[in-house]
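Reading the structure
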Amino acid sequence: MVTISLCMIVRDEETVLERCLKSVAGAVDEIVIVDTGSTDATKEIAARYTDKIYDFDWVDDFSAARNFSFSKARMDYCMWLDADDVLGEGAKESLLVWKGQADGSVDVGMLRYITAFDEQNKAVFSYYRERLLKRNGGFVWEGRVHEAIALHGQIAYLDICVEHHSAKKTYGDRNLLIYENMKREGVRFAPRDIFYYARELYYHQNYEAAVKEFQDFLGREGAFYQNCIEACRFLSYCFYALKREKEALASLLWGLSYAKPGGELCCDLGKHFYDRSRWEQAAFWYQSALRTCPDEEAMGFVQKECYGYLPCVQLSVCYDRMGKRKEALHYHKMAGKYKPYGREFLQNERYFTKKAHYSLAEA
């Protein structure tokens, strides 16, 4: 059996903090809260669950704050959550089971992180994160923004989910400002910093600058290949926004050079041809998406719908446009099996029902 310290950094999280702490209370042996300058009731809420509350002067460095929180832990493992995270359904029970069976040989426990949901609250976007780290394992957070830990030792992928349910309605500029301050200070960016800085520029619609940073990232040695594939995808989005379509397609094809493509890249390639009514080429890539399986343990981002529902919806349209009724109905029905409540599926259902030459009973 092992023990766990939950280590959190917070600031002005009164709307979500209790939800988070309630989801994990009883599954951890200690809760450490590091407050970086709250002006609301965050500390009062935290005090309902722990007396280990510490102040930390914010220095535009998430790693510094997280390392401080880990320094206050006293249990066998440090676990971290953000205030707008919760343990998913059954996760508390699974964590308790793991604690009871663990012998301390695992250095890192990887938990699936679900960050997007569909209209029926089913997971559509996820990836693994290092959530449980042996306290005496020498683990150190690195990176002022989008901080991470260099992993070593025995790594276990646990069947425990953390869910992200943000209460924020707008995408803030805090991360972008930190990166821009780093550039002004002359800080040397690691490849991972360049990748996430480029993404911040993209989210803020500064496409020209994002293109330069993504290209810089892709020219660096030692970059994580999953991030390289993601960079190619984001680079294409920048070029589409800039109306540079040939370069957008070239960027997607660049992604094929790193590894066997996942459903996400295949769907992006399918969309390129779909948007230009090149149905056969679009169908090829959507078929390819269906033949792939997500490799979540590679720590890449997984958009679940790119491996089933989305390519099926698009294939039903492609084959309809090619006049292939049987194939169109086949993929339409497959889409319904993946997501019978899906907006796109229901829209296509109405379309096929109205078409005199279609009989939904045929498929």
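Anyway, here's the lowdown on the structure attached to this text. Note that the coordinates shown come from a computational prediction; the quantities given were computed from them, not determined experimentally.

Calculation criteria
- Along each chain, residues carry numbers from 1 onward, in the same order as the chain's sequence is written.
- Per-residue local features of the predicted model are confined to residues with pLDDT of at least 70, and side-chain atom pairs are confined, for both listing and counting, to 80 or more; whole-chain, interface and lining totals are unaffected and use all residues.
- Excluded from the side-chain calculation are hydrogens and water; included are all heavy atoms of the structure.
- The secondary structure listing takes helices from DSSP runs of H or I that are at least 4 residues long and strands from runs of E that are at least 2 residues long, numbered from the N terminus.
- In this setup the radius of gyration rests on C-alpha atoms only. A globule is expected at 2.2 Å times the number of residues raised to 0.38.
- Under the scheme applied here, a residue whose accessible area is under 20% of the maximum for its type counts as buried, over 50% as exposed, and between as partly exposed, the area being computed with a 1.4 Å probe on protein chains only.
- Two residues qualify as a contact provided that any one of their heavy atoms is within 4.5 Å of a heavy atom in the partner residue.
- Residue exposure ignores everything except the shown protein chains as possible cover, and the areas themselves are Shrake-Rupley values with a 1.4 Å probe.
- Under this rule, positive means Lys or Arg and negative means Asp or Glu; His and the chain ends count for nothing.
- A single reference atom marks each charge: NZ on Lys, CZ on Arg, CG on Asp, CD on Glu.
- A pair of strands is treated as paired once DSSP finds two or more bridges between them.
- Here a polar contact is taken to be a pair of N or O atoms separated by no more than 3.5 Å, where protein atoms must pair a possible hydrogen donor with a possible acceptor and residues adjacent in sequence count only if both atoms sit in side chains.
- We call a set of buried residues a nonpolar core when its members are Ala, Val, Leu, Ile, Met, Phe, Trp, Tyr or Cys and they connect through side-chain atoms within 4.5 Å of each other.

Let us now look at the overall build of the protein chain. The helix and strand tally for the protein chain stands at 14 helices and eleven strands. Taking 2.2 N^0.38 as the reference for a compact globule, 363 residues should give roughly 21 Å; the C-alpha atoms of the protein chain span a radius of gyration of 23 Å, in line with that estimate. Across its three principal directions, the C-alpha atoms of the protein chain cover 70 × 50 × 40 Å. Sorting the 363 residues of the protein chain into buried and exposed places 50% on the buried side. For the protein chain, restricting intrachain contacts to residue pairs at least 6 apart in sequence, the fraction spanning at least 24 positions comes to 66%. Of the roughly 17,700 Å² that the protein chain leaves accessible, carbon and sulfur atoms contribute 49%. Taking the average place of the 49 positive charges on the side chains of the protein chain and the average place of its 54 negative ones, the gap between the two points comes to 6 Å.

The pairing of strand β6 (residues 108-117) with strand β7 (residues 123-134) spans nine bridges and is classified as antiparallel. Residue pairing in the sheet places I114 in a bridge with S126 of β7. Where β6 folds back on β7, the antiparallel hairpin that results is connected by five residues, among which N121 adopts a positive phi of roughly 65°. Inspection of the sheet shows β6 paired to strand β10 (residues 155-164) by seven bridges, in the parallel sense. Looking at the pairing, M110 lines up with Y157 of β10.

The subject of this paragraph is the side chain of Q226. The residue Q226 is located in helix α8 (residues 225-241) in this model. Within polar-contact distance, the side chain of Q226 engages the side chain of Y225 at 3.4 Å.

The next subject is the nonpolar core. Note on soluble globular proteins: their nonpolar side chains tend to be buried together. Ranked by internal contacts, the top residues of the largest apolar core, which has 81 residues, are L6, M8, M79, L95, W98, L132 and F214. Contacts of L132, omitting those with residues within four sequence positions, involve I4, Y77, C78, M79, L95, W98, D107, V108, G109, L111 and L158. C267, F273, Y286 and A335 belong to the second-largest nonpolar core, a separate cluster that totals 31 residues.

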